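Geometric and topological summary
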2 protein chains.
Amino acid sequence: MSEQFYSEILREHGLKATVTRLRILELLSESKVAMSHSEISDCFDNEKIDKVTLYRTLNAFVECGIAHKVANEDRNWLYAIFDKDIKPNGTEGSEHKHEHAHFICSACDKIYCFPVVEEMKFNKLKDLMGFKIDQHEIRLHGTCPVCQ
Amino acid sequence: MSEQFYSEILREHGLKATVTRLRILELLSESKVAMSHSEISDCFDNEKIDKVTLYRTLNAFVECGIAHKVANEDRNWLYAIFDKDIKPNGTEGSEHKHEHAHFICSACDKIYCFPVVEEMKFNKLKDLMGFKIDQHEIRLHGTCPVCQ
DNA sequence: AAACTACTTGCAACTGAATTGCATTAATCG
DNA sequence: CGATTAATGCAATTCAGTTGCAAGTAGTTT
Ligand SMILES: [Mn+2]
Ligand SMILES: [Mn+2]
Ligand SMILES: [Zn+2]
Ligand SMILES: [Zn+2]
């Protein structure tokens, strides 16, 4: 995708299209897995990105709805762009979470975003013994194609 | 439950029954929610427990299979005793995880261990597009009875 | 009951992810 | 092209959790 394309995404989400943000957005958009702060940082070994700027950029992406974050097994945040093929499950894109599961590879600890397939859907799951359930989160554990 | 009872649990799991461990085990056993290091620590304001000892005790409980830990929304560990009514889903209690879900209250951020009821069970969920799925984890978000 | 030994404790120092404050710089808009 | 407002970079800080080590104690042996 062109720099133009990414610049527009940033501006559409109310963020200024800076060089650093473009580099981070492009990297994340092309990654098949969710990435941590340090993994992202390591991808820019020639032209380093300041660590605080990277933290702030990632937070900005999450806050404006470009990306989301998932905790890995070590409880570090991994960041992933909301993909086109993962559709928001609510009407307006405001409060509702994009409906998808996360696959965590037990071998490499990488996290892949997964569409929620039919088999993963619960049916009636409301108000279980006085607990009002709004939403649920599925974390699948196993071995990714690379590690098999 | 008696001190005798808790002492035996500790010894059965290969841990020496020390005063500190007994106090922590009793507290956790009687708690309806999973507790963080600091929450546990705050329960002993009169006779303080050393923070490192508490960390090590909690890790020991997890390693020996007395307790398990769940990350809350702030990615701090919360600890909970494996309850009697939550049955291990494997034959021997060795590798298999005790099958249960976690309910996270959006209001108070407390975590409750939940039995996995029929409605939460997926059926055929194996080898999804090259990803070998061994296990899954369900996190339910909503409002607990206390916060409604 | 005293001695022994391996495990456990408590304290200080340390680690590493993430945040905050603040002065400097750069993107956007008229 | 300024002016305005947001973003950056650096240093310092926070906070959960860990490590090393000397001193203490549970459980076992004699
Ligand atoms: Mn995702
Ligand atoms: Mn639990
Ligand atoms: Zn893998
Ligand atoms: Zn609550």
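Predicted, not measured: the structure shown is a model, and the values here were computed from it. (Residues numbered from 1 in each chain as written. Chains lettered and ligands numbered in written order. Predicted model: local features only at pLDDT ≥ 70, side-chain atom pairs only at ≥ 80, totals over all residues. Heavy atoms only, no water.)

The next thing to look at is the environment of Lys110(A). Residues and elements named next belong to chain A. Tracing the chain through its elements places Lys110 in the loop between β4 (100-105) and β5 (111-115). Considered as a pair, Lys110 and Leu78 are 32 residues apart in the sequence and their alpha carbons are 9.0 Å apart. If sequence neighbours within four positions are ignored, Lys110 has contacts with Val33, Glu39, Phe103, Ile104 and Cys105. (Helix = DSSP H or I, 4+ residues; strand = E, 2+ residues; numbered from the N terminus. Contact = heavy atoms within 4.5 Å.)

Quick look at the state of the cysteines now. Each disulfide consists of a covalent bond between the sulfur atoms of two cysteine residues. On inspection of all chains with the given rule, the structure shows zero disulfides over all chains. Looking at Cys64(B), it has no disulfide partner, and the nearest cysteine sulfur is the one in Cys113(B), 16 Å off. (Disulfide = S-S within 2.5 Å.)

In the neighbourhood of DNA strand C, 22 residues make up the surrounding shell, with Arg11(A), Thr18(B), Arg21(B), Arg56(B) and Arg75(B) lying closest. If you look at DNA strand C and keep only atoms within 4 Å of the protein, 64% of those are sugar or phosphate atoms. Here Arg56(B) contributes a side-chain N or O atom positioned 2.4 Å from a base oxygen of DNA strand C. One of the side-chain N or O atoms of Arg75(B) is found 2.9 Å from a phosphate oxygen in DNA strand C. Elements represented by at least two residues in the surface near DNA strand C include exactly α4 (51-64) of chain A together with α2 (19-30) and α4 (51-64) of chain B. Taken together, the residues of the surface near DNA strand C break down into seven nonpolar, six polar and nine charged. (Near = heavy atom within 4 Å. Polar contact = N/O pair within 3.5 Å; in protein donor to acceptor, adjacent residues only side chain to side chain. Nonpolar A, V, L, I, M, F, W, Y, C, P; charged D, E, K, R; others polar.)

With respect to spatial proximity, 20 residues lie near DNA strand D, and among them Thr18(A), Arg21(A), Arg56(A), Arg75(A) and Arg11(B) are the closest. In the interface set of DNA strand D, defined as its atoms within 4 Å of the protein, sugar plus phosphate atoms amount to 64%. Interatomic distance of 2.8 Å between a side-chain N/O atom of Arg75(A) and a phosphate oxygen of DNA strand D. Here a phosphate oxygen of DNA strand D and a side-chain polar atom of Arg11(B) are 2.7 Å apart. Residue assignment for the surface near DNA strand D shows that the elements contributing at least two residues are α2 (19-30) and α4 of chain A together with α4 of chain B.

All names here are of chain A. The phi dihedral of Arg75 is positive, around 60°, even though this residue is not glycine. Summarising the element assignment, Arg75 is placed in the loop between β2 (67-71) and β3 (77-81). Residue Arg75 is classed as partly exposed on the basis of its relative accessible area of 24%. (Buried < 20%, exposed > 50% of the residue type's maximum accessible area, 1.4 Å probe, protein only.)

Model confidence for chain A is summarised by a mean pLDDT of 85, while 83% of its residues fall at 70 or above. For residues 86-96 of chain A, every residue scores under 50 in pLDDT, and the model assigns this stretch twelve contacts once sequence neighbours within four places are set aside. (pLDDT = per-residue confidence, 0-100.)

This paragraph deals with the coordination of the manganese ion (ligand 1). Residues and elements named next belong to chain A. In the first shell of the manganese ion (ligand 1), the protein supplies His68 (NE2), His100 (NE2), His102 (NE2) and Cys113 (SG), at 2.0 to 2.3 Å from the metal. Counting the intervening residues between successive donors of the manganese ion (ligand 1) yields the motif H-x31-H-x1-H-x10-C. Residue His68 is located in strand β2, and its partner His100 is located in strand β4; the two are separated by 32 residues in the primary sequence. Judged by relative accessible area, His100 falls into the buried class, the value being 13%. (Donors = N, O, S within 2.8 Å, 3.2 Å for Na, K, Ca; no water.)

To continue, consider the interface of chain A and chain B. Think of interface size as the accessible area that goes away when the parts come together; that is how it is often given. Facing 35 residues of chain A, the contacting portion of chain B comprises 35 residues. At the boundary of chain A with chain B, total buried surface from both sides reaches about 3,200 Å², with 64% on carbon and sulfur atoms. Applying the counting criterion to the chain A and chain B interface returns two salt bridges. A salt bridge links Glu137(B) to Arg139(A), with the shortest nitrogen-to-oxygen separation between them at 3.4 Å. At the junction of chain A and chain B, the tally comes to 13 residue pairs in polar contact (both at pLDDT 80 or more). Secondary-structure elements contributing two or more residues to the side of chain A that touches chain B are β5 and β6 (132-143) of chain A. Taken together, the residues that form the side of chain A that touches chain B break down as 18 nonpolar, nine polar and eight charged. Looking at chain direction, β6(A) and strand β6 (residues 132-143) of chain B are connected through eleven bridges and run antiparallel. Along β6(B), the bridge assignment pairs His136(A) with Leu140(B). (Buried area = accessible area lost by both parts, 1.4 Å probe. Salt bridge = Lys/Arg side-chain N within 4 Å of Asp/Glu carboxyl O. Pairing = 2+ DSSP bridges.)

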